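Close look at the chain arrangement
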Amino acid sequence: MADAFSSSSETVIQRVVDVNLKENTPAEKLFELYQIRKTCAFINEHNFGKVAAEHVGADCIVHYGSACLSPSKRLPVMYVFEKRPLDVEMCTASFRELYPDTQTNILLLYDVNYNHAIGNLLTHLLPEYPNLVATELVVEGEQCYSHGQINRDNNIISPPGDDNSQIICQFGRQFSLKSGSSLTDYRMFYVGQEGATLRNFMMTWNRCSFCSFDPVSMKGRIESVNVNRALMKRYYAIERAKDANVVGILVGTLGVADYLAILQQLKETLHRAGKKSYTFAMGKLNVPKLANFLEIDIFVLIACPENSLLDSSEFFKPVVTPFEMEVACNRKREWSEEYVTDFRHLLPGLTAIYSAVLWNAMKTN
């Protein structure tokens, strides 16, 4: 049993690791791919000392690659989205094949790595598809930056009753529905590979149909992931949470805004439900880590929306989301088609706004 949690130094040294060689990005394209000049300008503009960061902690964070765009309040964050290649002609052809009816209401979603190519894609599609709505990336929080993106310092969703009540901002994306329409009137087209981002969209907007285009394989498809089956798995997790007596709260993020607030709210909710709780600050979860706490009946993970939907089938104990634990502990709250992956929507003040606007967006005409 000890080998499952540790290995001898000799075994580690002699271990053979298979490495798959990948084609490296040409040196002349690195400056463009990682926006190095813009990043240096950002650091110089805000007078962040890199030498001091090594001794007393970082002054800022430069986040490269894919990001969930959750707001950060601990440190200034500069997002640098890698400019991954997108064959616009192939993507356009795939879009036309998947949506032959040009009058279809379609919402265009995409991984942040392909943001740079979406304008070109829209140039090809908008003349043919008048009901195509493109999402825009939104960088939330006064300390979060990204070149050329929308910045929002206010609440993540516009309150009901405003002139912009049809504007929805969620998961770092902002889009506007045409007057009189609802979110269920739209079909989703996602540009990017299968992964956490797409899964998060499909779980949250589970009443909408999805198609996708993979820029790597350059193939489009109707998403065949059975979302209802996935939701039933999460429902089963809620039933397990109801029966749990000892709960381990896993803090998987120290940077996402309001993580301390949801931590305190979870503790109070569990206490009222008669459950004992322990808090653990962890980075990346794995089976050996969680196997050390045999007295825990179930874990609840505080993380960003994209990382909260953890498949815990290989773990010894289930891992649920704050939303699932809230449902399990609140007898007055019934399970419905609503699914919340962003824990901030569970906090007082945001809950009412989120529920009202989501209902306004999802309701049928």
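Since we're looking at a predicted model, the values are computed, not measured.

A look at the sheet that holds strand β12 (residues 219-222)
In space, the five strands of this open sheet follow the order β4-β3-β10-β11-β12, with mixed pairing throughout. Each of the sheet's edge strands pairs with one partner strand only, and the pair in question is β4 (132-134) and β12. Direction aside, neighbouring strands of the sheet carry axes that sit 20° apart on average. Sheet topology places strand β11 (residues 210-214) next to β12; four bridges connect them, and they run antiparallel. Directly across from Asp214, in β12, lies its bridge partner Lys219. Strand contacts of helix α5 (residues 88-98): β3 (106-110), β4, β10 (187-191), β11 and β12, with the helix running at about 155° to β11, the strand carrying the most contacts.

Let's talk about the pattern of salt bridges
A full pass over the atoms with the stated rule returns seven salt bridges. Across the pair Arg84 and Glu82 runs a salt bridge whose closest N-O atoms are separated by 2.8 Å. For Arg84, a relative accessible area of 29% corresponds to the partly exposed category. Residue class for Glu82 comes out buried when judged on its relative accessible area of 11%. Across the pair Arg344 and Asp342 runs a salt bridge, and its minimum N-O distance is 3.0 Å. As far as the burial class goes, Arg344 and Asp342 line up, both buried. Among the charged side chains, a salt-bridge network with shared partners connects Glu194, Arg221 and Glu223.

Definitions and limits used
- Residues numbered from 1 in each chain as written.
- Predicted model: local features only at pLDDT ≥ 70, side-chain atom pairs only at ≥ 80, totals over all residues.
- Heavy atoms only, no water.
- Pairing = 2+ DSSP bridges.
- Helix = DSSP H or I, 4+ residues; strand = E, 2+ residues; numbered from the N terminus.
- Axes fitted to C-alpha atoms, helices over the stretch in contact; angles between N-to-C directions.
- Contact = heavy atoms within 4.5 Å.
- Salt bridge = Lys/Arg side-chain N within 4 Å of Asp/Glu carboxyl O.
- Buried < 20%, exposed > 50% of the residue type's maximum accessible area, 1.4 Å probe, protein only.

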